[in-house]
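Fold and geometry: a report
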Amino acid sequence: MTLSRVSHAAKYADDTALLKQLVAEADLGQKDRARISKSAATYVRRIRSQDDPSLMEHFLSEYGLSTREGVALMCLAEAMLRVPDAETVDALIEDKIAPSDWGRHLGEASSSLVNASTWALMLTGRVLDDEKPGMAGVLRGAIKRLGEPVIRTAARTAMKQMGAQFVLGETIGKALTRAQSREAEGYTYSYDMLGEAAMTRADADRYARAYADAIEAISDACTHDTVEENPGISIKLSALHPRYEIAQQERVMAELVPVVLRLAKQAKSAGMGLNIDAEEQDRLVLSLKVIKAVLSSPDLAGWDGFGVVVQAYGKRAGMVIDWLYETAVTLDRKIMVRLVKGAYWDTEMKHAQVEGLDGFTLFTSKTATDVSYIANARKLLGYADRIYPQFATHNAHSVAAILEMEDGEAFEFQRLHGMGEQLHDIILKDNDTRCRIYAPVGAHRDLLAYLVRRLLENGANSSFVNQIVDEEVPPAVIAADPFDALTAAGPPAGLVAPARLFGQRDNSKGFDLNDGGTLAQIAAEREVDLPAGCAITVRDATGREVEVTNPATGETIGVAFEADAETARRAIDDAEAWTASAGERAAVLRKAADLYEDNFGILFAALAREAGKTLNDCVGELREAVDFLRFYAGEAERKGQSETGLKAAISPWNFPLAIFTGQIAAALAAGNAVLSKPAEQTPIISTLAVRLMHEAGVPAVALQLVPGRGAAVGTALTSDARITGVVFTGSTATAKRIQRVMAEHLLPGTPLIAETGGLNAMIVDSTALPEQAVRDIIASSFQSAGQRCSALRCLYVQEDIADGLIAMIKGAMDELCVGDPWELRTDVGPVIDAGARAQISDYVETARQAGRILHEVAAPQTGTFIAPVMLKVSGIQELEREVFGPVLHVATYRAEDLDKVIEAVNATGYGLTFGLHTRIDSRVQDVADKLHAG
């Protein structure tokens, strides 16, 4: 099987057809399934009879995600241990603990430790939330102030205790020592060095060293003859490369494969297993390419310890297992495959919806996932000649199904450290099977993201771990047959298909840029010739022709016509309102949207070659334009009435399709005539858009394209008394000039709708997860080469975390690819023209002379490129104007000065966008209330 098959069609396969296939592959009759459910119910009763669930199972039962307190504790655990300053820790504790009703949980849990924790949280909450007046209130206030260090220490201790339930040891040495007691009972271990995806090369190198050191330490415990009996290790590929994504595939294969191969060879020498952990579905095919490249090495011949994790909730799980088996046969290897349910369901579903993808890459119900798990377990057992199956589950029904299906094949069960203990103790005792414990190892601060995933997986009411300690849920319900339930199961309430995200309005079509088939289609469709001239529909147009060049390469890509003022006035003479009914106008706008999507190839080509847009930006631009057309079509039908005015629409070069289309669509939907002046730098894109709108049925007299210079065409359109409204997007200075011209020449009250730039700020406090903050900082500052009016211009970082965060930003900047946007790997393209480049370069050079450059990366010497740069400032007040390019200004602030930062941002007079990274909900509300932005 080729990897191309594990691509688009399989990725978005129809649930119904695929599940029917999985039911057949499971090959379980009604009697088989009845035995499985009966056996699973017995396990549930035996677990409950022991009355010995783990502390974490007690905790999840009492504080599941359906409770406000459970969510608060998850948020507290996720953030608290990384916050270095006392003031922010106190604010975080008060935010999460004070508003919750801890008293209702007191004495409810069957664990004395959970009850003790509840008592402490309840008292803490009362102290923090007490605002009673009078002398008693004064005393309580004093206790609160004096007690803050005590509360802080207690909360930190509680969070560390909570973390200890999931982490085997803070170091691999401690973990190995702690593992000995369970190993004496017959368990083996797979150690996981905690850490998330690398953001920088330093991160990746650190994780690689941690893995290598762990393998060396674990090797001392590899005292048996087989990898099945020895402990092993699990590694994350995204932790070993800072750009682990399809767009950087060439780099990944060249740089990551040698690292993984080195670790695999080290594991082989130690006689232990090494498993590649599963990640998001977008990375699946890339992971398989890395896996095959590593596994193909002759150095790994004769080693049975190479392992791969497969997620059963993914629709391609069966195909991946088939591919792994075929690869093992071809390479004459025996490998391990760990079958898991999966850990990113919520993220994957929301990603598909937001990106407008063709469907969901995962099954949309837990029942379907359970069926998939059993069917793929059957498949693995059938492949036991080349695959050593590893079944990671805490679900008694899944365990019972595997024991029903196995027929003497060698396999093992797996569970997470701190969870599923009673179930697997029973299985280990009753059956001649192995069980391996997946054990996280690392410092408490590295636990946080892992912990949240575990809580999300197991904190829901429907999870086996949650239900097993809930005596109100009968064993037969917990052990119910998913095959029987499958016919009644459907998507969870509220889960809508990506295309239906906006209800009756079609969502714009997304493009999966991590899918090989989609990328090949885009590459073929955009190899087209761009139009030779502009779509001037004005009679007897006069003006001049100008060359249009590609800002990335300097090559001439076409010739455009620039109209003069007389042509603009003639266009006003010819303009006629669109008098069709609201329903007819809506239908035409929707047809235009469809034509935009049908002609994505030439639009992508023009956006890349004329506006310097990366492929990711091209997708976003087209989708926004399509959404505008469909949204205003709906508005036309909703409002019904028609206007009969003449509107001038003046659009920018930074969103030459989206904003251009949005301005026009809004005016046309209301029945106006539109005279559209596109930006001088992007006439070809506007030509394509107008041609498609005319093709859809917009009358030529209702929509006229009048390209030209602002001084000529722009002035003519905004100074003619027949114009009944102007919409403009661009600089504040130009907007003010238009306002003055309109005030002098147009009727009083003629509306000007102007969207201008902004000095947009972001605040990152010490509760923020640095990896998340840096991801957003890099995207907001440097995507589109910083040429967005919503781009981040000034970053405020709390001084307690500034050094580490700024170092991470530098490392992430170094990983950016600056170059021709035609290439998929490019992150940052050129600025729009030589004039923009010169202006930004002069600004950066002035900062350089003043010693304010914090970091700068390389950029091509040809084309109009500006290297992404980070500058040091004392605050936003130093920014006298918006620098429209990839320039990030950074300031630090003290925790107690947050209000001063907000005052400084407000004082700029700009109010377009603002960003805030914090885990303190009350701070979010407070900042939103005070800030004049958004």
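Everything numeric here is computed off the predicted structure, so don't read it as measured data.

This next bit is on the overall build of the chain. Looking only at helices and strands, one finds 35 helices and 21 strands in the chain. Residue burial in the chain is summarised as follows: out of 934 residues, 58% are buried. Long-range pairs, those at least 24 residues apart, make up 78% of the contacts in the chain with a sequence separation of at least 6. Carbon and sulfur atoms make up 51% of the accessible area of the chain, which totals about 36,700 Å².

Turning our attention to the sheet that holds strand S1 (residues 188-193). In space, the eight strands of this closed barrel follow the order S1-S2-S3-S4-S5-S6-S7-S8, with parallel pairing throughout. Between one strand and the next, the sheet's axes are offset by a mean angle of 30°, whatever the strand orientation. Of the strand pairs in this sheet, strand S2 (residues 232-235) and strand S3 (residues 274-276) are connected by three bridges, and their pairing is parallel. Bridge pairing in S3 links Ile233 to Leu274.

A word on unusual backbone geometry. The backbone of Asp332 sits at a positive phi, close to 55°, despite the residue not being glycine. For Asp332, the position within the fold is in the loop between helix H13 (317-331) and strand S5 (335-340). Its relative accessible area of 53% is what places Asp332 among the exposed residues. Within the chain, Ser784 stands out as a residue other than glycine whose phi angle is a positive 60°. Secondary-structure assignment places Ser784 in the loop between helix H31 (770-782) and strand S17 (792-798). The buried category is assigned to Ser784, whose relative accessible area is 11%.

A few words on the environment of Trp578. Assignment of secondary structure puts Trp578 in the loop between helix H23 (565-574) and helix H24 (582-598). With a relative accessible area of 5%, Trp578 lands in the buried category. The sequence separation of Trp578 and Leu668 amounts to 90 residues, and the corresponding C-alpha distance is 7.0 Å. Not counting chain neighbours up to four residues away, the residues in contact with Trp578 comprise Arg585, Val588, Leu668, Gly671, Asn672, Ala673, Gly697, Val698, Pro699 and Ala702.

Take the layout of surface pockets next. What the second largest pocket holds in volume is close to 1,100 Å³. Along its surface, the second largest pocket is lined by 39 residues, and Trp653, Phe728, Gly730, Ser731 and Thr734 are the ones closest to its centre. Those elements that place two or more of their residues in the lining of the second largest pocket are helix H29 (710-718), strand S14 (725-729), helix H30 (732-745) and helix H33 (834-849). A total of six residues in the lining of the second largest pocket trace back to one element, the largest contributor, which is H30. Grouping the constituent residues of the lining of the second largest pocket by class yields 16 nonpolar, 16 polar and seven charged.

Turning our eyes to something else, we now look at the packing of H31 against helix H32 (residues 802-814). In helix packing, the relevant descriptors are the interaxial angle and the interaxial distance, both defined with respect to the helix axes. Between H31 and H32, whose axes approach to 10 Å, the crossing angle comes to 55°. One finds that H31 runs oblique with respect to H32. Regarding H31 and H32, the two cross each other, and that crossing is right-handed. For the pair H31 and H32, contact is made by Pro770, Glu771, Ala773, Val774, Ile777, Ile778 and Phe782 and by Leu805, Met808, Ile809, Ala812 and Met813, respectively. Here the residues of the contact of H31 with H32 sort into 11 nonpolar, no polar and one charged.

Tyr191, Leu240, Phe391, Tyr596 and Met693 are the most contacted members of the largest nonpolar core, which has 172 residues in total. Top element by residues in this core is helix H11 (residues 249-270). It accounts for 10 residues. Among residues more than four places away in sequence, those in contact with Phe391 are Leu339, Tyr373, Ala377, Leu380, Leu381, Ile402, Phe411, Glu412, Phe413 and Gln414. Of all hydrophobic cores here, the second largest spans 45 residues; its members include Ala785, Leu816, Ala847 and Val857.

Further remarks concern the packing of aromatic side chains. Applying the stated criterion to the full structure yields 12 aromatic pairs. Here Phe628 and Tyr632 contribute two aromatic rings whose centre-to-centre distance is 6.2 Å and whose plane-to-plane angle is 10°, an arrangement assigned as stacked. With a gap of four residues between them, Phe628 and Tyr632 both fall in helix H26 (residues 615-639), about one helical turn apart. The structure contains a cluster of three or more aromatic residues connected by ring pairs, namely Phe391, Phe411 and Phe413. Arg206 extends its terminal NZ or CZ atom over the ring of Tyr207, reaching a point 4.9 Å from the ring centre. Directly above the aromatic system of Phe502 lies the positively charged group of Arg505, at a separation of 4.3 Å from the ring centroid.

On to the side chain of Gln248, then. Note that Gln248 resides in the loop between S2 and H11. For Gln248, the residues in contact, after removing those within four places along its chain, are Arg243, Cys817, Arg825 and Asp827.

On to the pattern of salt bridges, then. This model, assessed by the stated rule, comprises 57 salt bridges. Of the charged contacts in the structure, one is a salt bridge between Arg283 and Glu279, with a shortest N-O distance of 3.4 Å. One salt bridge in this structure joins Arg386 and Asp332, with 3.0 Å as the shortest N-O distance. Linking Arg386 in the loop between helix H15 (366-382) and strand S6 (387-392) with Asp332 in the loop between H13 and S5, this pair joins segments that are 54 residues apart in sequence. Each of Arg201, Asp205, Arg251, Glu255 and Glu815 takes part in a single network of salt bridges with overlapping partners.

What follows concerns the pairing of S5. Buried residues dominate S5, accounting for six of its six residues. Residue alternation in S5 divides its side chains into two sets, Ile335, Val337 and Leu339 and Met336, Arg338 and Val340, and both sets are buried. Alignment of strand S4 (residues 306-311) against S5, held across five bridges, turns out to be parallel. When the bridges of S5 are listed, Val308 appears paired with Val337. What joins S4 to S5 is H13, and the crossover it makes is right-handed. Here S5 runs beside S6; their pairing, made up of five bridges, is parallel. Considered in S6, the bridge of Leu339 is made with Phe391.

Relative to the helices and strands, Lys647 is located in strand S11 (residues 646-650). Beyond its immediate stretch of four places on either side in the chain, Lys647 contacts Ala667, Asn672, Ala673, Val674, Leu675, Thr724 and Gly725.

This paragraph deals with the pairing of S11. A large share of S11 lies buried, amounting to five of its five residues. What you see with S11 is no split at all: Leu646, Ala648 and Ile650 on one side and Lys647 and Ala649 on the other are buried throughout. A crossover links S11 with its parallel partner strand S12 (residues 673-677), the connecting element being helix H27 (residues 658-669), and its sense is right-handed. In this sheet, S14 lies alongside S11 in parallel orientation, the contact comprising four bridges. Bridged to Ala648 within S14 is Val726.

A separate point is the packing of helix H25 (residues 600-611) against helix H28 (residues 683-696). Running from amino to carboxyl end, H25 crosses H28 at an angle of 160°, the nearest separation of the two axes being 8 Å. Considering their axes alone, H25 and H28 lie roughly antiparallel with respect to each other. In this structure, H25 meets H28 at a crossing whose hand is left-handed. Residues Ile602, Leu603, Ala606, Leu607, Glu610 and Ala611 of H25 form the contact with H28, whose own contacting residues are Pro683, Ile684, Ile685, Leu688 and Leu692.

The full count for this structure, using the stated rule, is eight cavities of 30 Å³ or more. Of the voids in this model, the largest cavity is the one considered here, and its volume is about 180 Å³. Forming the walls of the largest cavity are 19 residues, and the residues nearest its centre are Ala278, Leu284, Val309, Val310 and Gln311. Elements supplying a minimum of two residues to the lining of the largest cavity: helix H12 (284-295), S4 and H13.

With that out of the way, let us pick up H23. Among the residues of H23, those classed as buried are Thr567, Ala568, Arg570, Ala571, Ile572 and Asp574. The inward-facing, buried residues of H23 abut strand S10 (556-563), S11, S12, strand S13 (703-705) and H29.

This next bit is on the sheet that holds strand S21 (residues 914-917). Strand order in the open sheet formed by six strands is S18-S19-S20-S17-S16-S21, with mixed pairing between adjacent strands. Every other strand in the sheet has two partners, leaving strand S18 (853-856) and S21 as the edge strands with one partner each. Taking each pair of neighbouring strands and ignoring which way they run, the sheet shows an average axis angle of 20°. Judged from the three bridges that link them, S18 and strand S19 (residues 869-872) form a sheet pairing that is antiparallel.

Thresholds applied
Residues numbered from 1 in each chain as written. Predicted model: local features only at pLDDT ≥ 70, side-chain atom pairs only at ≥ 80, totals over all residues. Heavy atoms only, no water. Helix = DSSP H or I, 4+ residues; strand = E, 2+ residues; numbered from the N terminus. Buried < 20%, exposed > 50% of the residue type's maximum accessible area, 1.4 Å probe, protein only. Contact = heavy atoms within 4.5 Å. Areas by Shrake-Rupley, 256 points an atom, 1.4 Å probe, with all protein chains shown as cover. Pairing = 2+ DSSP bridges. Axes fitted to C-alpha atoms, helices over the stretch in contact; angles between N-to-C directions. 1 Å grid on protein atoms, 1.4 Å probe; cavity = no way out; pocket = protein on both sides within 12 Å on 5 of 7 lines; lining within 4 Å. Points joined across faces, edges and corners; volume = space filled by probe spheres on them. Nonpolar A, V, L, I, M, F, W, Y, C, P; charged D, E, K, R; others polar. Parallel < 35°, antiparallel > 145°, perpendicular 65-115°, else oblique. Left-handed = near helix turned anticlockwise from the far one by under 90°. Core = buried A, V, L, I, M, F, W, Y, C linked by side-chain atoms within 4.5 Å. Phe/Tyr/Trp six-rings, centres within 6.5 Å; stacked < 30°, edge-to-face > 60°. Lys NZ or Arg CZ within 6 Å of the ring centre and 35° of its normal. Salt bridge = Lys/Arg side-chain N within 4 Å of Asp/Glu carboxyl O. Right-handed = clockwise from strand over helix to strand, strands pointing away.

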